[in-house]
Amino acid sequence: METKAAVLNAVPPYGHVIASEKWRNSSLIQSLKGGGVKILFENELGVADFHLPNKSCILYVSECDIIAGNGYKRKLVRYRNSNSSFQELVLVENTRLSEQYFSAVQKFVVFDLGMTLLPVSGQTEASQLITQIVHGEGRENPFRRRSSFQLLDPLVLALVQQVPGVGRVKALALLQHFSSIQQLCNAATTELEPIVGQAAAQQIHNFFHKPTAAGT
């Protein structure tokens, strides 16, 4: 039992990711390796799919998980309850097939469970995001223990830089005003415009709020 508990709370060294064994032959793992990330595979990670060096863990919710029904919600609840010593991140595939459900998934993860959601188009984009987080860990490390907001900064930066038309400069400007992804996700375009301009503000808003038939 002690060994299993140790694995569930294991933090990989800088430049490494601990991945659940089920991901061994995935395209996501191949892309991580291509990005210079070293992978340590483990059978006993529990619900989480990945552990990162900045004491965050990731649960990956795929397009198939979302379309299959509400089973993913039970998994998310177990995930929220199982990793109290980690910053819990949820990567969710937002694709043409799953986008009609994305708003409901987002509300469940962010508002009902209080976790951080990062939308990705698929495993390739997910690997790019994880790679940025892993390689950014060293620079942020001196401030890591101050607060949970400090912990989220590199994650917000990595995510916002993937929005079309938003580069590192605008992403850093946003970090001066929004200390968490939840705050950025809830920001109106009028709040974003003074920081990044009208065009980028609309792109950021669209990135987090895909239109649905039911509205918001």
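In short, a report on the structure. (Residues numbered from 1 in each chain as written. Predicted model: local features only at pLDDT ≥ 70, side-chain atom pairs only at ≥ 80, totals over all residues. Heavy atoms only, no water.)

On to the overall build of the protein, then. Helices and strands together make up the secondary structure of the protein, namely eleven helices and six strands. When the 216 residues of the protein are sorted by exposure, 50% land in the buried category. For the protein, contacts bridging at least 24 residues in sequence account for 66% of all contacts bridging at least 6. Summed over all atoms, the accessible surface of the protein reaches about 10700 Å², with 51% contributed by carbon and sulfur. (Helix = DSSP H or I, 4+ residues; strand = E, 2+ residues; numbered from the N terminus. Buried < 20%, exposed > 50% of the residue type's maximum accessible area, 1.4 Å probe, protein only. Contact = heavy atoms within 4.5 Å. Areas by Shrake-Rupley, 256 points an atom, 1.4 Å probe, with all protein chains shown as cover.)

In this section: the packing of aromatic side chains. Counting across every chain of the model gives two aromatic pairs. Residues Trp23 and Phe50 carry aromatic rings whose centres are separated by 5.2 Å and whose planes lie at 45° to one another, so their mutual orientation is tilted. With a gap of 27 residues between them, Trp23 in the loop between β1 (16-20) and α2 (27-34) and Phe50 in strand β3 (residues 50-51) connect regions that are remote in the sequence. You can call Trp23 buried: its relative accessible area is 9%. For the ring pair Trp23 and Tyr60, a centre distance of 5.3 Å and an interplane angle of 75° mean the geometry is edge-to-face. Taken together, the residues Trp23 in the loop between β1 and α2 and Tyr60 in strand β4 (residues 56-61) connect sequence positions 37 residues apart. We note that Trp23, like Tyr60, is buried. Put simply, the rings of Trp23, Phe50 and Tyr60 pair up and form one aromatic cluster. Over the aromatic face of Phe86 sits the side chain of Lys55, whose NZ or CZ is 6.0 Å from the ring centroid. The ring of Phe108 carries Lys73 above its face, with NZ or CZ at 5.2 Å from the centroid. (Phe/Tyr/Trp six-rings, centres within 6.5 Å; stacked < 30°, edge-to-face > 60°. Lys NZ or Arg CZ within 6 Å of the ring centre and 35° of its normal.)

Bringing helix α10 (residues 189-196) into the picture now. All of the buried residues along α10 are Thr189, Leu192, Ile195 and Val196. Down the axis of α10, the sector holding all buried residues measures 120°, keeping them to one side. For α10, the exposed residues lying more than 90 degrees away from the buried face are Thr190 and Pro194. Once α10 ends, the next one or two residues include Gly197, with phi positive near 95°. (Arc of directions from axis to C-beta.)

The element β1 is extensively covered by neighbouring structure, given that five of its five residues are classed as buried. Alignment of β1 against strand β2 (residues 38-42), held across five bridges, turns out to be parallel. Looking at β2, one finds that Val17 is bridged to Ile39. Taken together, the two bridges between β1 and β3 define a ladder with antiparallel strand orientation. Note on β3: the bridge partner recorded for Ile18 is His51. (Pairing = 2+ DSSP bridges.)

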